[in-house]
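# Tertiary structure, described
Below are the chains, spelled out letter by letter.
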Amino acid sequence: MTPARNRQFRLKSRPQGRISADHFDFCQEAPPEPGEGQARVRVLYLSLDPTNRIWMSDMDQYMPPVAIGEVMRGGGIGVVEASRSSRYREGDLVTGLTGWQDYCLADEGENAMSVLPEGLPVSLPTMLGACGMTGITAYFGLLDLGRPQAGETVVVSAAAGAVGSVVGQIAKIQGCRAVGIAGGPDKCRYLVEELGFDAAVDYKSADWQEQLAAATPDGIDVNFENVGGEIMEAVMRRMNLFSRMPLCGMISGYNQQEPMRGDFSPILMRRIDVRGFIVMDFLDRYAEAAAQLAQWVMEGRIKHRETIVEGLEQAPEAVNMLFDGGNVGKLVVKVSEA
Ligand SMILES: NC(=O)c1ccc[n+]([C@@H]2O[C@H](COP(=O)([O-])OP(=O)(O)OC[C@H]3O[C@@H](n4cnc5c(N)ncnc54)[C@H](OP(=O)(O)O)[C@@H]3O)[C@@H](O)[C@H]2O)c1
């Protein structure tokens, strides 16, 4: 039976600064009927990501911006409700670009989704976080690009978030000193007391640069950069000769109209290996990362939290939590019951 309605957020205008529901048309249409080679997927959880903000803008980016009038792009997990494809069976859990809507179509080509294995050992939100896209980002960014060696110091910004929390814990597994930068005493306590970071720096306190210096007495060998701006510059000034800097994100600039500027001199003076990356660069190795992350999670060596917002209608406002620091761990929206 075809369900009654498909609510969709279609981009109406490009935000300047904060995002609000006014930037979208919240419309309804009939849920899609799968054609040959397609399946209809009911969305269960949406992943909210800083990159949603990038996609809403027309800044220079790694995928085409979401067009005005188009359903807002977003990752998620859903369940197959009707299928005319041998790739998907009714009841399969699938993950991929669902969009901000109740239902989407998965196909066997450009809009293919990955079928999740049966009997998942972790919850669906965790499959979007520590064992999903953000965990995979942490895994490749740190291990392949950061190349941490035991005894080295790894610093990560946005450390209590989805990517950062996993970065610090993988650094510990590698035998490194893990230092997290996060906003506020609660998040800093969480990093040290629950996740096992060696030290945390509260960038919202007046003496954060002194805290950073005290936390990195031997300098910094790997900076996993998530924030950019002033925090990135302060960290770079403490980086060691021939250190590495996976450049994962620059969230402090995503709501700004002006391109971010910075002091590049430490890159030259300390010969820092800076490497920007997008997790999709490692698409052909996702299975490796997912298996390892799941094992670490099952062993309790990677702990994780998810911040779950109820209801698709909350999505536009909820994205702002990423910019206000309202989330701990992975931010997801629960769209419907599994
Ligand atoms: N390259 C890739 O493929 C890839 C993939 C996923 C994510 N990313 C990037 O990784 C970063 C983290 O993403 P995520 O999904 O894990 O988000 P997240 O860390 O779960 O959430 C974002 C966090 O960033 C912090 N933040 C926001 N604005 C800030 C500012 N102006 N200064 C300092 N901290 C700020 C907030 O924490 P506080 O409370 O600590 O301020 C917030 O909770 C983002 O830059 C994102 O674009 C890149």
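Just so it is clear, the model here is predicted, and its values are computed rather than measured. (Residues numbered from 1 in each chain as written. Predicted model: local features only at pLDDT ≥ 70, side-chain atom pairs only at ≥ 80, totals over all residues. Heavy atoms only, no water.)

## Re the side chain of Asp221
By secondary structure assignment, the location of Asp221 is in strand β11 (residues 220–224). For the buried Asp221, which has no salt bridge, the nearest side chain bearing the opposite charge is Arg244, at an N-O separation of 5.4 Å. Excluding its chain neighbours within four sequence positions, the residues that come into contact with Asp221 are Glu152, Thr153, Asn240, Ser243 and Arg244. (Helix = DSSP H or I, 4+ residues; strand = E, 2+ residues; numbered from the N terminus. Buried < 20%, exposed > 50% of the residue type's maximum accessible area, 1.4 Å probe, protein only. Lys, Arg positive; Asp, Glu negative; His and termini not counted. Salt bridge = Lys/Arg side-chain N within 4 Å of Asp/Glu carboxyl O. Contact = heavy atoms within 4.5 Å.)

## Section: the site of the ligand
Taken together, 29 residues form the shell around the ligand, and within it Lys187, Tyr203, Asn226, Val279 and Asn327 come nearest. At 2.4 Å from an oxygen atom of the ligand is found a side-chain nitrogen or oxygen belonging to Tyr203. Contacts to the ligand include Asn226, whose backbone N or O atom sits 2.8 Å from an oxygen atom. Protein burial of the ligand: of its 910 Å² of free accessible surface, 91% is covered by the chains. Broken down by element, the residue count for the shell around the ligand peaks at three residues, all from helix α3 (residues 133–146). Lining the shell around the ligand are residues from two domains, each supplying at least three of them: domain 1 (6–127 + 305–334) and domain 2 (133–281). (Near = heavy atom within 4 Å. Polar contact = N/O pair within 3.5 Å; in protein donor to acceptor, adjacent residues only side chain to side chain. Areas by Shrake-Rupley, 256 points an atom, 1.4 Å probe, with all protein chains shown as cover. Domains from an automatic or database assignment.)

## Section: the packing of aromatic side chains
A full pass over the atoms with the stated rule returns nine aromatic pairs. The ring centre of Trp55 lies 4.9 Å from the NZ or CZ of Arg73, which sits over that ring. (Phe/Tyr/Trp six-rings, centres within 6.5 Å; stacked < 30°, edge-to-face > 60°. Lys NZ or Arg CZ within 6 Å of the ring centre and 35° of its normal.)

## Notes on the sheet that holds strand β8 (residues 153–157)
As a general point, the strands of a sheet are linked pairwise by backbone hydrogen bonds and lie either parallel or antiparallel. Across the sheet, which stays open at both edges, the six strands sit in the order β10-β9-β8-β11-β12-β13 with parallel pairing between neighbours. Two strands close off the open sheet at either side, each with one partner strand: β10 (199–202) and β13 (273–276). Averaged over all pairs of adjacent strands, the angle between strand axes in this sheet comes to 15 degrees, irrespective of strand direction. Examined bridge by bridge, β8 and β11 share three bridges and lie parallel to one another. Among the inter-strand pairings, Val156 is bridged to a residue of β11, identified as Phe224. Most of the contacts of helix α4 (residues 162–173) go to β8, to which it runs at about 170 degrees, and overall it touches β8, β9 (177–182) and β11. (Pairing = 2+ DSSP bridges. Axes fitted to C-alpha atoms, helices over the stretch in contact; angles between N-to-C directions.)

## Quick notes on the environment of Asp144
Checked against the element boundaries, Asp144 lands in helix α3. Along the primary structure Asp144 and Leu241 are separated by 97 residues, whereas in three dimensions their C-alpha atoms are 19 Å apart. Here Arg285 takes part through its side chain, which lies 2.7 Å from a polar atom of the side chain of Asp144.

## Points about the nonpolar core
Looking at soluble globular proteins, one finds that nonpolar side chains tend to be buried together. In terms of nonpolar packing, the biggest core is built from 44 residues, with Leu142, Ile170, Leu191, Leu293 and Ile302 touching the most fellow members. Tallying contributions element by element places α3 first for this core, with six residues. Counting contributing residues per domain, this core is built from domain 1 (6–127 + 305–334) and domain 2 (133–281), each supplying no fewer than three. For Leu191, the contacting residues outside a window of four places in its chain are Ala159, Ala160, Gly180, Ala182, Gly196, Phe197 and Ala200. Membership of the second largest hydrophobic core comes to 43 residues, among which are Leu46, Val66, Ile231 and Leu331. (Core = buried A, V, L, I, M, F, W, Y, C linked by side-chain atoms within 4.5 Å.)

## Considering the pattern of salt bridges
Summed over the entire model, instances satisfying the criterion amount to 20 salt bridges. One salt bridge in this structure joins Glu118 and Arg89, with 3.1 Å as the shortest N-O distance. Here Arg89 lies in the loop between β4 (75–83) and β5 (93–97) and Glu118 lies in the loop between β7 (114–115) and α2 (124–128), a separation of 29 residues in the sequence. Pair check on accessibility: Glu118 and Arg89 agree, each one exposed. Of the charged contacts, one joins Lys172 and Asp198 as a salt bridge, the two residues approaching to 2.8 Å between their closest N and O atoms. Here Asp198 lies in the loop between α5 (185–194) and β10 and Lys172 lies in helix α4, a separation of 26 residues in the sequence. On the basis of relative accessible area, Lys172 is assigned to the partly exposed category, the value being 31%. For Asp198, a relative accessible area of 33% corresponds to the partly exposed category. What you see here is one network of salt bridges that share partners, running through Arg7, Asp102 and Glu313.

## Describing the packing of α3 against helix α9 (residues 286–298)
Where α3 meets α9, the axes come as close as 9 Å, and the angle between the chain directions of the two elements is 105 degrees. When the axes of α3 and α9 are compared, the pair comes out roughly perpendicular. Taken together, the residues of α9 that come into contact with α3 (itself represented by Gly135, Ile136, Tyr139 and Phe140) are Tyr286, Glu288, Ala289, Ala290, Gln292, Leu293 and Trp296. Taken together, the residues of the contact of α3 with α9 break down into eight nonpolar, two polar and one charged. (Parallel < 35°, antiparallel > 145°, perpendicular 65-115°, else oblique. Nonpolar A, V, L, I, M, F, W, Y, C, P; charged D, E, K, R; others polar.)

## Observations concerning the domain arrangement of the protein chain
Domain annotation of the protein chain identifies domain 1 (6–127 + 305–334) and domain 2 (133–281). With centres defined by C-alpha atoms, the gap from domain 1 to domain 2 works out at 28 Å. Each partner contributes to the interface: domain 1 provides 20 residues, whereas domain 2 provides 15 residues. A combined buried area of about 1,400 Å² lies between domain 1 and domain 2, and 58% of that area is made up of carbon and sulfur atoms. Connecting domain 1 to domain 2 are one salt bridge. The closest approach of N and O atoms between Glu194 and Arg305, which form a salt bridge, is 2.8 Å. The tally of links between domain 1 and domain 2 comes to five residue pairs in polar contact (both at pLDDT 80 or more). Secondary structure elements with two or more residues in the side of domain 1 that touches domain 2: α1 (50–56) and α10 (315–324). (Buried area = accessible area lost by both parts, 1.4 Å probe.)

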